[in-house]
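Examination of the molecular architecture
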Amino acid sequence: MTLEDSLRSLSLDYLNLLINGQAFSDVTFSVEGRLVHAHRCILAARSLFFRKFFCGPDPPSGLDPSGSRMNAGTSSPRQPGNSQVIPVNSVGYEVFLLVLQFLYSGQVSIVPQKHEPRPNCGERGCWHTHCTSAVDLALDTLAAARSFGVEQLALLTQKQLASMVEKASIEDVMKVLIASRKQDMHQLWTTCSHLVAKSGLPPEILAKHLPIDVVAKIEELRLKSSLARRSLMPHHQHHHHHDLGAAADLEDQKIRRMRRALDSSDVELVKLMVMGEGLNLDEALALHYAVENCSREVVKALLELGAADVNYPAGPAGKTPLHIASEMVSPDMVAVLLDHHADPNVRTVDGVTPLDVLRTLTSDFLFKGAVPGLTHIEPNKLRLCLELVQSAALVISREEGSGNPNSSGGAAIYPPMGEDHAGGSNVGGINVDSRLVYLNLGAAQMGCKMDGDHQSDNSSHNNQRSTQGGCDTSLYHHHSHSHEF
């Protein structure tokens, strides 16, 4: 057994003492109404704070030395052999356990468990690597480590925060900036202050989140950075290159900050950038990025800002967000885009519509057994995407009075609707959100049967369909298109 293995085994043995709780415990803490059993000798050996608390004449603040009596008696909870509980009011239960875990084992993970529901994080399936909840937990752990005199844990937390702020929202970066100032952590302060300086947020917005003297230092950093860039250029090129380079750098910074904000579900910051900095969401391809990388809720909130064109063509191919969502075979993205008036008939430079994309994917899946670029595809989701897009195209054709339900290039999935169902978000007489519920319940596996029911209920339109098992033959049409973005 190597030295590393021995140390790891020792660490786990001590950690098991904490996990097993009451077995050999000689001290009990009460944190947020929950009991935590521990061992005086370990705490005193690992922390000067606990050594003074248990042995010193004047216990430090943070714990109540008088304790909370479990039964009648006069013994002090700071002395062994008593049955009292020591209240902990300075930190929360989760943070207190993290501190104890480090004291017992010398190691701890400050990042929350991925995908678990957390306060201040509304994104489903979040990995909690740099979200607001993860940053808050790290800041609370830092404060507790300093309070209990566990300097090694404080340094570990500082290192973790320095990694988090690189991808965190600018609001969280500013929170860490203020905390690093209070805790006298100069390296973390330097990292955060430079990130805030690069953010491009004007002083009047920074002043809403930071003290005035901190805003002044941020502006000083910006001035120094600008002067340093000028000094690296030949004198005759200063003005020309500075104007072009500074403008390009500023736009790149805005886009990077916008993407970090979207990754953190911070649409409110994106709104501030649009209003305060003149960020153009279309030119920044904000909606395309959100569709590819973010949740349905983020895309919906971005659309509701009213500052992005849902049909904006991107790149040389001219793909819209609906093209991207169709290529991803994402019914929730397709639904939210259609609900905000995405055009199912819009074409790329090569003349490809979102419906063409879905038909080609379906053809590849049915006849080739695989879809290029997609390692796994769920047929029910593909079918639902196709139904949503083709139904939306049918609604638009009826609203335009064309009278041609095949204007989008194929047979209609649903029969013509009455006038009371001509709304854009109620495609095919079935509300978009209801269709998503239908998919989530697994009823999409009965998609062919549902189409068969439509046939029997709408016999006047049977001439538009094939009756192969009740499924629409438009699923098997092949339209070639490019997947290049």
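This structure is a prediction, so every number in the text was calculated from the model and none was measured.

Some words on the pairing of strand S2 (residues 34-38)
- Relative to S2, strand S1 (residues 27-31) runs antiparallel, the two being bridged by five bridges. Residue valine 27 lies in a different strand from S2, and its bridge partner there is alanine 38.
- Adjacent in sequence and paired antiparallel, S1 and S2 are bridged by two residues, among which glutamate 32 carries a positive phi angle near 55°.

Notes on the environment of histidine 37
- Within the secondary structure, histidine 37 is located in strand S2.
- Histidine 37 sits 10 residues away from valine 27 along the chain, and the two C-alpha atoms are 6.0 Å apart.
- Sequence-distant contacts of histidine 37, that is, excluding residues within four places in its chain, are made with Leu18, Gly21, Gln22, Ser25, Val27 and Thr28.
- One polar contact links histidine 37 to threonine 28, side chain to side chain, over a distance of 3.1 Å.

What about the packing of aromatic side chains?
- By the definition in use, this model includes eight aromatic pairs.
- Relative to phenylalanine 54, the ring of phenylalanine 50 has its centre 6.1 Å away and its plane inclined at 25°; by these criteria the two rings are stacked. Residue phenylalanine 50 and its partner phenylalanine 54 are both found in helix H3 (residues 48-55); the two are separated by four residues, about one turn of the helix. Summarising the burial analysis for this pair, phenylalanine 50 and phenylalanine 54 share the class buried.
- Relative to phenylalanine 148, the ring of phenylalanine 50 lies with its centre 5.5 Å away and its plane at 25°, an arrangement referred to as stacked. Taken as a pair, phenylalanine 50 in helix H3 and phenylalanine 148 in the loop between helix H5 (132-147) and helix H6 (151-164) lie far apart in primary sequence, 98 residues in all.
- Using a relative accessible area of 0% as the deciding quantity, one classes phenylalanine 148 as buried.
- One aromatic cluster in this structure is built from Phe29, Phe49, Phe50, Phe53, Phe54, Phe96 and Phe148.
- Sitting above the plane of the tyrosine 93 ring, arginine 34 keeps its charged end 3.8 Å from the centroid.

Here we look at the pairing of S1
- Summarising burial for S1: four of the five residues are buried, a large majority.
- Pairing of S1 with strand S3 (residues 86-88) involves three bridges; the strand directions are parallel. Bridging from a neighbouring strand, phenylalanine 29 pairs with isoleucine 86 of S3.

Quick word on the sheet that holds S3
- If you trace the three strands from one edge of the open sheet to the other, you get S2-S1-S3, paired in mixed fashion. For this open sheet the edge positions go to S2 and S3, each flanked by a neighbour on one side alone. Taking each pair of neighbouring strands and ignoring which way they run, the sheet shows an average axis angle of 30°.
- The sheet contacts of helix H4 (residues 93-105) involve S1, S2 and S3, and relative to S2 the element is tilted by about 10°.

A word on the packing of helix H7 (residues 170-182) against helix H8 (residues 186-198)
- Their axes nearest at 9 Å, the elements H7 and H8 cross at an angle of 145°. The chirality of how H7 crosses H8 is left-handed. Where H7 approaches H8, its residues Ile170, Val173, Met174, Val176, Leu177, Ser180 and Arg181 are matched on the opposing element by Leu188, Trp189, Cys192, Ser193, Leu195 and Val196.

Structural notes on H8
- End to end, H8 covers 18 Å across 13 residues, agreeing with the expected 18 Å (1.5 Å per residue, within 8%).
- Buried within H8 we find Leu188, Trp189, Cys192, Ser193, Leu195, Val196 and Ala197.
- Backbone geometry just after H8 places glycine 200 at a positive phi near 80°.

Section: the environment of glycine 278
- Tracing the backbone shows glycine 278 in the loop between helix H12 (267-277) and helix H13 (286-293).
- On the basis of relative accessible area, glycine 278 is assigned to the exposed category, the value being 53%.

Considering a nonpolar patch on the surface
- Taken together, Leu3, Leu7, Leu10 and Tyr14 make up a surface patch of nonpolar side chains, about 410 Å² in accessible area.
- Turning to its location among the elements, tyrosine 14 is positioned in helix H1 (residues 3-20).
- Note on tyrosine 14: relative accessible area 35%, which makes it partly exposed.

Comments concerning the side chain of histidine 39
- Tracing the backbone through its elements, the reader meets histidine 39 in the loop between S2 and helix H2 (40-46).
- Of note is the side chain of histidine 39, whose polar atom sits 3.5 Å from the backbone oxygen of phenylalanine 24.
- If we ignore the near neighbours within four places in the chain, the residues touching histidine 39 are Leu17, Leu18, Gly21, Phe24, Ser25, Asp26, Val27 and Tyr104.

Scoring rules and cut-offs
Residues numbered from 1 in each chain as written. Predicted model: local features only at pLDDT ≥ 70, side-chain atom pairs only at ≥ 80, totals over all residues. Heavy atoms only, no water. Pairing = 2+ DSSP bridges. Helix = DSSP H or I, 4+ residues; strand = E, 2+ residues; numbered from the N terminus. Contact = heavy atoms within 4.5 Å. Polar contact = N/O pair within 3.5 Å; in protein donor to acceptor, adjacent residues only side chain to side chain. Phe/Tyr/Trp six-rings, centres within 6.5 Å; stacked < 30°, edge-to-face > 60°. Buried < 20%, exposed > 50% of the residue type's maximum accessible area, 1.4 Å probe, protein only. Lys NZ or Arg CZ within 6 Å of the ring centre and 35° of its normal. Axes fitted to C-alpha atoms, helices over the stretch in contact; angles between N-to-C directions. Left-handed = near helix turned anticlockwise from the far one by under 90°. Expected span 1.5 Å × (residues − 1). Patch = residues over 30% accessible without salt bridge, like charges linked within 9 Å, V, L, I, M, F, W, Y side chains within 5 Å. Areas by Shrake-Rupley, 256 points an atom, 1.4 Å probe, with all protein chains shown as cover. Salt bridge = Lys/Arg side-chain N within 4 Å of Asp/Glu carboxyl O.

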